[in-house]
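Each chain, written out:
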Amino acid sequence: MKTVLVIGSTGSMGKAALSGLSHHKIITANRSGNGADHTVDITSEASLRKLFDTIGNIDAVVNTVGYCEYATFLEMTDQQWRTTIDSKLIGQMNIVRIGSDYVTEGGSFTLISGILSVKPIPFAIADATTSGAIETFAKCVAFEMPRGLRVNVINPTVLEESWDVYGEMMPGFQPVPATLVGKAFQRSVDGFISGQVLTVDA
Ligand SMILES: NC(=O)c1ccc[n+]([C@@H]2O[C@H](COP(=O)([O-])OP(=O)(O)OC[C@H]3O[C@@H](n4cnc5c(N)ncnc54)[C@H](OP(=O)(O)O)[C@@H]3O)[C@@H](O)[C@H]2O)c1
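Just so you know, these numbers come straight off a predicted model, no measurement behind them.

As a further point, take the overall build of the protein. Broken down by element type, the protein carries 6 helices and 7 strands. Along the chain direction, N to C, the helices and strands of the protein fall in the order β-α-β-β-α-β-α-β-α-β-α-α-β. Against the compact-globule benchmark of 17 Å for 202 residues, the protein has a radius of gyration of 16 Å, which places it among compact chains. For the C-alpha atoms alone, the extent of the protein along its principal axes is close to 45 × 35 × 35 Å. With 202 residues in all, the protein has 51% of them scored as buried. If you take every contact in the protein between residues at least 6 apart in sequence, the share linking residues at least 24 apart comes to 66%. Surface exposure of the protein reaches about 9500 Å², of which carbon and sulfur atoms provide 53%.

The next subject is the environment of Val158. Looking at where Val158 falls in the secondary structure, it is placed in the loop between strand E6 (150-156) and helix H5 (163-166). Each C-alpha atom of the pair Val158 and Ile115 lies 7.6 Å from the other, and the pair is 43 residues apart in sequence.

This part covers the site of the ligand. The immediate surroundings of the ligand are formed by 25 residues, with Thr10, Met13, Arg31, Ser32 and Gly66 found nearest. At a separation of 2.8 Å, an oxygen atom of the ligand approaches a polar backbone atom of Met13. Note that an oxygen atom of the ligand is positioned 2.6 Å from one of the backbone N or O atoms of Gly66. Tallied by class, the residues present in the shell around the ligand amount to 9 nonpolar, 12 polar and 4 charged.

Take the pairing of strand E2 (residues 25-30) next. Examined bridge by bridge, strand E1 (residues 3-7) and E2 share 5 bridges and lie parallel to one another. Bridging from a neighbouring strand, Ile7 pairs with Ala29 of E2. On the question of chirality, the crossover connecting E1 to the parallel E2 by way of helix H1 (residues 12-19) is right-handed. Where E2 meets strand E3 (residues 38-39), 2 bridges bridge the pair, whose relative direction is parallel. Each residue of the ladder has a partner; that of Ala29, found in E3, is His38.

So, about the nonpolar core. Grouped together as the largest cluster of nonpolar side chains are 28 residues, with contacts concentrated most on Leu5, Phe52, Val61 and Phe109. The residues touching Leu5, leaving out its near neighbours within four places in the chain, are Ile27, Ala29, Leu51, Phe52, Ile55, Ile58, Ala60, Val61 and Val62. In this structure, Val4, Ile112, Ala184 and Leu198 belong to the second largest nonpolar core, which totals 19 residues.

Opposite charge on two side chains allows them to pair when their charged atoms are near. Following the criterion strictly, the structure yields 5 salt bridges and no others. Via salt bridges that share partners, Glu45, Arg49 and Arg97 belong to a single interconnected network.

Burial analysis of strand E5 (residues 103-112) places 7 of its 10 residues in the buried class, which makes it a mostly covered element. One ladder, built from 4 bridges, connects strand E4 (residues 58-63) with E5; its direction is parallel. Looking at the pairing, Val61 lines up with Phe109 of E5. Alignment of E5 against E6, held across 5 bridges, turns out to be parallel. In the sheet register, Ser108 faces E6, and the bridge partner there is Arg150.

Moving on: the packing of aromatic side chains. If you walk through the whole model with that rule in mind, you get 1 aromatic pair. Measuring from centroid to centroid gives 5.5 Å for Phe52 and Tyr102, while their planes differ by 20°, and the two rings are stacked. Remark: Tyr102 occurs in the loop between helix H3 (78-99) and E5 and Phe52 occurs in helix H2 (residues 45-55); sequence separation between them is 50 residues. For Phe52, a relative accessible area of 0% puts it in the buried group.

Below, the discussion takes up the sheet that holds E4. A sheet is described by the order of its strands in space; here 7 strands give the open sequence E3-E2-E1-E4-E5-E6-E7, paired in parallel fashion. Two strands in the sheet have a free side with no partner beyond their single neighbour: E3 and strand E7 (197-200). Across the sheet, helix H6 (residues 178-190) is in contact with E1, E4, E5, E6 and E7; its angle to E6 comes to roughly 170°.

Quick notes on the rules
Residues numbered from 1 in each chain as written. Predicted model: local features only at pLDDT ≥ 70, side-chain atom pairs only at ≥ 80, totals over all residues. Heavy atoms only, no water. Helix = DSSP H or I, 4+ residues; strand = E, 2+ residues; numbered from the N terminus. Rg over C-alpha atoms; globule rule 2.2 N^0.38 Å. Buried < 20%, exposed > 50% of the residue type's maximum accessible area, 1.4 Å probe, protein only. Contact = heavy atoms within 4.5 Å. Areas by Shrake-Rupley, 256 points an atom, 1.4 Å probe, with all protein chains shown as cover. Near = heavy atom within 4 Å. Polar contact = N/O pair within 3.5 Å; in protein donor to acceptor, adjacent residues only side chain to side chain. Nonpolar A, V, L, I, M, F, W, Y, C, P; charged D, E, K, R; others polar. Pairing = 2+ DSSP bridges. Right-handed = clockwise from strand over helix to strand, strands pointing away. Core = buried A, V, L, I, M, F, W, Y, C linked by side-chain atoms within 4.5 Å. Salt bridge = Lys/Arg side-chain N within 4 Å of Asp/Glu carboxyl O. Phe/Tyr/Trp six-rings, centres within 6.5 Å; stacked < 30°, edge-to-face > 60°. Axes fitted to C-alpha atoms, helices over the stretch in contact; angles between N-to-C directions.

Here it is, written out as structure tokens:
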């Protein structure tokens, strides 16, 4: 059994991750603190440091937070880009940079991207771009990690549980159950792979 920190545990993707990690000791965190053990804002370096200082050493970190703004490219403002980049790209990179002092040898970071990085749809340019960037980050940073620490990204298609929210903007996509995506999180946490993008598509 490992001790696993799951950030964004109360969201749809967080619940998918939890479904594959039930055999581990889980510590949860989100920004509001509602339904989670700890509060953290992944867009704040100070907040991330406080979280890791509070919980101490762990075996794995799973992040499912990545806030995205949706608009056409020509309508997307500079502020909307920065909000998305601060969360889905820099927030996730900071989890790895700050958290690496606290994850035990051979432990892992599992981050989130999304299928829109390879299957573009209208209005999702910021989600797609930051998803692609975090995948490149994981592939490259894996070579720099100390003490055998591993970094992977889960790239799921839309969840069945989220179809009500995203289905209308994703015609022709086939949703997958959260439990299937949970298996990919398990493969990242319990396996030995690093620098990988684990795609879960139908
Ligand atoms: N849902 C899908 O079908 C799907 C498919 C592929 C990829 N994705 C990707 O997965 C990611 C999460 O999506 P989701 O559907 O799970 O979203 P969601 O249901 O809205 O959940 C977001 C979670 O993150 C927490 N959170 C929000 N901002 C935070 C912050 N700054 N710091 C810490 N915690 C924060 C929320 O908790 P509080 O608000 O209570 O703090 C909640 O637990 C997104 O990047 C999305 O693109 C989703």
